[in-house]
Amino acid sequence: MRAEARFFKSLSDETRLKILWLLSGTEELCVCDVISVLGITQSKASRHLRHLYHLGWVTDRRDGLWMIYRLAVTPNSPKEKLLNLLEEILAPQPEAQALRGHLARCLEAKQHSQCARRLKSSQKRSPQGSPET
Amino acid sequence: MKKEAQLFKSLADETRLKMLWLLMGREELCVCDIMGVLGTTQSKASRHLRYLYHLGWVTDRREGVWMNYRLSVAPGSPEDKQLKLLAEILSSRPEAQALRDRLEQWLAAKGQSKDGAAACQCS
């Protein structure tokens, strides 16, 4: 029953819980989105996302320098049921709704101004790549 | 959202998960039953049960030197929903069924050795 304990452990950390909450409200998220919405360091965001990745909660996709994550939960699996439960518990909470609102504003601002991701990929495409130092 | 994380943390430990699973199958259990079935020390069993007690999963009742615990989860509460999900996941696991069987055997043996709950002198 260690696997089941580990399963519940995925949500036993406030940061991971918030990350899953954000992911279940949107199609995919860049590490940079998680960093700005939760106000945490890149190292902390990546560490928790890798944790979720290794437990099979999310899949990843590289886009330039950043990793993009999305939920990878099969319908009717225990994971999906746990996410549904999380949704049910968090949906009435102002704090959780505020977090999703924050994410929506963040994503919108990114689209209107310089998207961090596009900025990175255009830098990558430019002929003068930064020298390796 | 710290509270919710803590709620899920209750089930994030294998021993606590097993305890809740055993408690779900019975009305009340003595610390000595948990020790006997899970093969843990009294200190470990009591520590985890106190943890569950302080988070409101169980209530306690003293009987002589032993403490008895029972689930105290309000119907429809987040805790109740978590337990239902846990039961759903575990009911198909042979390991979980074996644990419940061991509990039944343990309780039957206890009932034969002395009468009723007074048989908790199982050191």
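Relevant structure appears above.
These figures come from a predicted structure and were not determined experimentally. (Residues numbered from 1 in each chain as written. Chains lettered and ligands numbered in written order. Predicted model: local features only at pLDDT ≥ 70, side-chain atom pairs only at ≥ 80, totals over all residues.)

Asks: I tried to follow the overall build of chain A on my own but got confused; where do I start?
Replies: Scanning chain A from terminus to terminus reveals 7 helices and 3 strands. For chain A, the succession of helices and strands along the chain, N to C, is α-α-β-α-α-β-β-α-α-α. By the burial criterion, 25% of the 133 residues in chain A qualify as buried. Counting contacts in chain A only where the partners sit at least 6 residues apart, residues at least 24 apart contribute 60% of the total. (Helix = DSSP H or I, 4+ residues; strand = E, 2+ residues; numbered from the N terminus. Buried ≥ 20, exposed ≤ 12 C-beta atoms within 10 Å, placed from the backbone. Contact = placed C-beta atoms within 7 Å.)

Asks: Looking at this structure, how should I read the packing of helix 2 (residues 14–23) of chain A against helix 4 (residues 42–54) of chain A?
Replies: Angle between the axes and distance between the axes: these two values describe a pair of packed helices. Residue and element names in this part refer to chain A. The N-to-C vectors of helix 2 and helix 4 enclose an angle of 75 degrees; their axes lie 10 Å apart at closest approach. In terms of their interaxial angle, helix 2 and helix 4 are classed as roughly perpendicular. In contact with Thr15, Arg16 and Ile19 of helix 2, helix 4 contributes Lys44, His48, Leu49, His51 and Leu52. Looking at the contact of helix 2 with helix 4 residue by residue, the classes come out as 3 nonpolar, 3 polar and 2 charged. (Axes fitted to C-alpha atoms, helices over the stretch in contact; angles between N-to-C directions. Parallel < 35°, antiparallel > 145°, perpendicular 65-115°, else oblique. Nonpolar A, V, L, I, M, F, W, Y, C, P; charged D, E, K, R; others polar.)

Asks: Help me understand the interface of chain B and chain A in this model?
Replies: One widely used convention gives an interface's size as the accessible area the parts lose upon coming together. Each partner contributes residues to the interface: chain B has 21 residues there, and chain A has 20 residues. Only helix 1 (2–9), helix 2 (14–24), helix 5 (78–90) and helix 6 (94–113) of chain B provide two or more residues apiece to the side of chain B that touches chain A. Per-element accounting of the side of chain B that touches chain A gives the leading share, 6 residues, to helix 5 of chain B. The residue makeup of the side of chain B that touches chain A, split by class, is 11 nonpolar, 1 polar and 9 charged.

Asks: Sorry if this is basic, but what is going on with the pairing of strand 3 (residues 66–71) of chain A here?
Replies: Residues in a regular strand point their side chains to alternate faces of the sheet. All names here are of chain A. In this sheet, strand 3 lies alongside strand 1 (residues 29–30) in antiparallel orientation, the contact comprising 2 bridges. Each bridged residue has a counterpart across the sheet, and for Leu29 the counterpart in strand 3 is Tyr69. As paired elements, strand 2 (residues 58–63) and strand 3 share 6 bridges and run antiparallel to each other. Bridge assignment links Arg61 to a residue of strand 3, and that residue is Ile68. Remark: 2 residues form the turn of the hairpin made by strand 2 and strand 3, two consecutive strands paired antiparallel; Gly64 in that turn has positive phi of roughly 65 degrees. (Pairing = 2+ DSSP bridges.)

Asks: Just checking my understanding: could you explain the packing of helix 3 (residues 31–38) of chain A against helix 4 of chain A for this structure?
Replies: Residue and element names in this part refer to chain A. Look at helix 3 against helix 4: their axes get within 9 Å of each other, and the N-to-C directions meet at 120 degrees. Classified by the interaxial angle, the pair formed by helix 3 and helix 4 is oblique. For the pair helix 3 and helix 4, the sense of crossing is right-handed. Here Val31, Val34 and Ile35 of helix 3 come into contact with helix 4, specifically with Gln42, Ala45, Ser46 and Leu49. Looking at side-chain class alone, the contact of helix 3 with helix 4 contains 5 nonpolar, 2 polar and no charged residues. (Left-handed = near helix turned anticlockwise from the far one by under 90°.)

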